[in-house]
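# Survey of secondary and tertiary structure
Given next are the chains, with one letter for each unit.
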Amino acid sequence: MLERTLVLIKPDAVQRGLVGEIISRFERIGLILDEMKLLIPDEQIVKKHYPDDLNWLRNAGGKTIETYQKFQLNLMDDLGTVDVIEIGKIIRKWLIQHLTSGPTIAMILSGNHAVEVTRKIVGSTIPLFAELGTIRGDFSIDSPDYSTPQKRVLMNLVHASESLSEANREINLWF
Ligand code: IDP
Ligand code: MG
């Protein structure tokens, strides 16, 4: 099942000098690096990459709400709202600020079940809960209860397409 998927090495990872380490993790499992470029993304491409979509907003906002509940913290104090969509919109704004803040690497990886394999190597969204052995789990301990009071998005180093249709859409957007 040969697939192609899109990966972004986000500005936090580039600034930390983790580009080589991250690429080598994709290479050593056998994924093929088909295309790669370094750019400072403009707002337009990032807004298209993360569209103003209700499901996405609900999902992103939900992760912050769940984390605050888990640690019994008060989201109203830190964010001034507990509305999941409103929180999603704030996160999207911070995400656009982050991705336009500096050099980012966009790449296309290909291989057997490349979408799923790449997500497995990247790990789950919140680094604090991501498994050791994944990029996010090995190189970050960030979590929403830490990042939200600092009014910034989660620094989780990489983006990887979640499905084949998302991969196709994102490859056309970035390449
Ligand atoms: P993913 O990157 O694991 O696919 P998405 O839900 O698609 O996760 O969210 C895109 C990006 O938005 C995440 O990688 C992360 O940088 C940021 N993000 C998602 N949820 C939160 C949150 O609750 N707080 C802060 N940032 C978040
Ligand atoms: Mg995603």
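Shown above is the structure to which this text applies.
All of the points below concern the structure found in this document. All values derive from a computational prediction rather than experimental measurement.

Next up on the list: the packing of helix α4 (residues 54-70) against helix α6 (residues 84-99). The angle between the axes and the distance between the axes are what describe a pair of packed helices. Relative to each other, α4 and α6 sit at 95°, their axes nearing to 7 Å. It follows from the interaxial angle that α4 and α6 lie roughly perpendicular. Within the contact between the two elements, α4 uses Leu54, Trp56, Leu57, Arg58, Ala60, Gly61, Gly62, Thr64 and Ile65 and α6 uses Val84, Ile85, Ile87, Gly88, Lys89, Ile91, Arg92 and Leu95.

A few words now on the environment of valine 7. Within the fold, valine 7 resides in strand β1 (residues 2-9). For valine 7, a relative accessible area of 0% puts it in the buried group. Measuring from C-alpha to C-alpha, the distance between valine 7 and lysine 70 comes to 30 Å, with 63 residues separating the pair along the chain. What valine 7 contacts, discounting residues up to four positions off in sequence, is Phe26, Ile105, Ala106, Met107, Leu109, Thr118, Val158, His159 and Ala160.

This next bit is on the packing of helix α2 (residues 19-29) against helix α7 (residues 114-122). Where α2 contacts α7, the two axes come as close as 11 Å, and the packing angle between them is 135°. By the angle between their axes, α2 is oblique relative to α7. Pair α2 / α7 crosses with right-handed handedness. The segment α2 lies against α7, with Arg25, Phe26 and Ile29 engaging Val117, Thr118, Ile121 and Val122. Taken together, the residues of the contact of α2 with α7 break down into five nonpolar, one polar and one charged.

Okay, the nonpolar core next. Of all hydrophobic cores here, the largest spans 22 residues; its most connected members are Val46, Leu75, Leu79, Ile87 and Trp174. When residues of this core are traced back to their parent elements, those giving at least two are β1, α3 (43-49), α4, α5 (75-79), α6, β3 (104-112) and α10 (164-174). For this core, the element with the highest residue contribution is α6, accounting for seven residues. Sequence-distant contacts of valine 46, that is, excluding residues within four places in its chain, are made with Pro41, Ile96, Leu99 and Thr100.

The subject of this paragraph is the sheet that holds strand β4 (residues 158-160). A sheet is described by the order of its strands in space; here four strands give the open sequence β2-β3-β1-β4, paired in antiparallel fashion. Looking at which strands have only one partner, the edges of the open sheet turn out to be β2 (32-39) and β4. For this sheet, the mean angle separating the axes of adjacent strands, direction not counted, is 20°. Examined bridge by bridge, β1 and β3 share eight bridges and lie antiparallel to one another. Looking across to β3, one finds that valine 7 is bridged to methionine 107. α10 rests against β1, β2, β3 and β4 of the sheet, and its axis sits at about 60° to β1.

Scoring rules and cut-offs
Residues numbered from 1 in each chain as written. Chains lettered and ligands numbered in written order. Predicted model: local features only at pLDDT ≥ 70, side-chain atom pairs only at ≥ 80, totals over all residues. Heavy atoms only, no water. Axes fitted to C-alpha atoms, helices over the stretch in contact; angles between N-to-C directions. Helix = DSSP H or I, 4+ residues; strand = E, 2+ residues; numbered from the N terminus. Parallel < 35°, antiparallel > 145°, perpendicular 65-115°, else oblique. Contact = heavy atoms within 4.5 Å. Buried < 20%, exposed > 50% of the residue type's maximum accessible area, 1.4 Å probe, protein only. Left-handed = near helix turned anticlockwise from the far one by under 90°. Nonpolar A, V, L, I, M, F, W, Y, C, P; charged D, E, K, R; others polar. Core = buried A, V, L, I, M, F, W, Y, C linked by side-chain atoms within 4.5 Å. Pairing = 2+ DSSP bridges.

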